[in-house]
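Architecture and fold: a report
Residue strings, one per chain:
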Amino acid sequence: MKQYFCVGTYTESILFGTGERFQGKGKGVLICSLEDGEVTVISTIKVRNPSYLCLDEAGRKIYAVNEMKEYMGGFGGGVTQLSYDKDWNLTVERTGNTGGADPCHIFQDPNHEFLSIANFASGSVTIVPVNRDGSMDTEHRLLFGHEGKSIHPVRQQGPHAHATIKVPGEKRLLVPDLGTDTIYSYRYERGCVEADPAGKITAPAGSGPRTGVFSQDGRNFYLICEISSQVIHFQYKNGVMEKQGIFNTLPEDNTADNICSDIHLTPDGAYLYASNRGHDSIVSFRVCGDGSLEFIQRQSCRGKTPRNFAIDPTGTWLLCGNQDSDTISVFAINPDGTLKFKKKAVCETPACIRFFHDPPT
């Protein structure tokens, strides 16, 4: 079965929050196919530092952040709107400034009325309206700034918004902020977004919450913490998050410096995976009946710095983007949740992998 996915890459120099100056080598945004574990590049288009993508398949749109501190002559990074045709040819349609530095994540609401962009370096969230034709309206953007800091002397001296996560069954968004150890809450209605201070969640001091994923029924939430290298399991009920357990992503004898990056559930919700940068591995957990996690396996990602990974819609394959070794590792997901390495594909500085559910017609 042939499937299709897109890749966002780092294309130029960027100063990361870790203090590292990184030189991207990527080509921009790529569309690729996956068949029997084989990756083939179909099309590419030049876009500046498109480090995270979201897909609007109904409108044949791809929205990409441009992770930069200045863009189009102004403070803040960018957001770029692309389209693709039935043959996967890509076109840049619009681009604009987010008003926040180093945008690192982008989300589109289910009704396709707005985009929510997390600006890491400036610790803010940009809301960009989306018109009925899928065109974004950066001129009428709305900016929410976070405030505060936490205990890490380098990584947490100010706010660092990192992702937008929709709460299932509610018109509510959660934004983990790595710098303040806080998950901020926002409510929306008909494209209008507002802060929801009462829904704010506090993470353990020094944990550095990065992103998270809900179970399909919305009862369990799994938060990956970049600095502490942990997954925190919460149960969610009637608007209240209750912490249930903390699970380490690293082996007890680990001596490597490590920061976590990504987290995903299989489509059936049976298994959860999280990635380690530094230890350069993917850890597998079984999801138990009460939502708690049971360790299964820790597998080398066969590359360096697994910034992002994706599971295909059938739950058969896991693709891991190894940012610093210019590869995408292909793993088969076994029936017991373990990963079996298949092969690697060359891809310069991959930063984000997103699967399409259906090819365009």
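Let me begin by describing the structure that accompanies this report. The structure presented is a predicted model; accordingly, all values stated were derived computationally and were not measured. (Residues numbered from 1 in each chain as written. Predicted model: local features only at pLDDT ≥ 70, side-chain atom pairs only at ≥ 80, totals over all residues. Heavy atoms only, no water.)

Quick look at the pairing of strand E21 (residues 209-214)
Selection rule: Whether a residue is buried, partly exposed or exposed follows from its accessible area with a 1.4 Å probe, protein chains only, as a fraction of its type maximum: under 20%, in between, or over 50%, in that order. Elements are defined by DSSP. Helices are runs of H or I of four residues or more, strands are runs of E of two residues or more, and each kind is numbered from the N terminus. At least two bridges found by DSSP between two strands is the condition for calling them paired.
Among the six residues that make up E21, six are buried, leaving the element largely enclosed by the rest of the structure. Here E21 pairs with strand E22 (residues 220-225) via five bridges, running antiparallel. When the sheet's bridge partners are listed, Gly212 is paired in E22 with Leu223. What sits between E21 and E22 in their antiparallel hairpin is a turn of five residues, with Gly218 showing a positive phi close to 75°.

Here we look at the packing of aromatic side chains
Our working definition: Stacked, tilted and edge-to-face are the three classes applied to pairs of Phe, Tyr and Trp rings, where Trp contributes its six-membered ring and a pair requires centres within 6.5 Å; stacked means planes under 30 degrees apart, edge-to-face means over 60, and tilted covers the rest.
All chains considered together, the criterion is met by 16 aromatic pairs. Taken together, a centroid distance of 5.5 Å and an interplanar angle of 70° make the contact between Tyr10 and Phe16 edge-to-face. Pair check on accessibility: Tyr10 and Phe16 agree, each one buried. Where Tyr84 meets Phe356, the ring centres are 5.3 Å apart and the plane angle is 70°; that geometry is what we call edge-to-face. You can see Tyr84 sitting in strand E10 (residues 78-84) and its partner Phe356 sitting in the segment after strand E33 (350-355), a full 272 residues away along the chain. Just as Tyr84 is buried, Phe356 falls in that class too. Through a chain of ring-to-ring contacts, three or more aromatic side chains come together here, namely Tyr4, Tyr84, Trp88 and Phe356.

So, the sheet that holds strand E29 (residues 306-311)
Keep this limit in mind: Between the N-to-C directions of two axes lies an angle of 0 to 180 degrees, each axis being a line fitted to C-alpha atoms and, for a helix, fitted only over the stretch in contact.
Strand order in the open sheet formed by four strands is E29-E30-E31-E32, and the pairing between neighbours is antiparallel. Lying at the two open borders of the sheet, with one neighbouring strand each, are E29 and strand E32 (339-346). Each adjacent strand pair in this sheet contributes to an overall mean axis angle of 20°, direction not counted. Sheet topology places E29 next to strand E30 (residues 317-322); five bridges connect them, and they run antiparallel. By the bridge assignment for E30, Asn308 is matched with Gly321.

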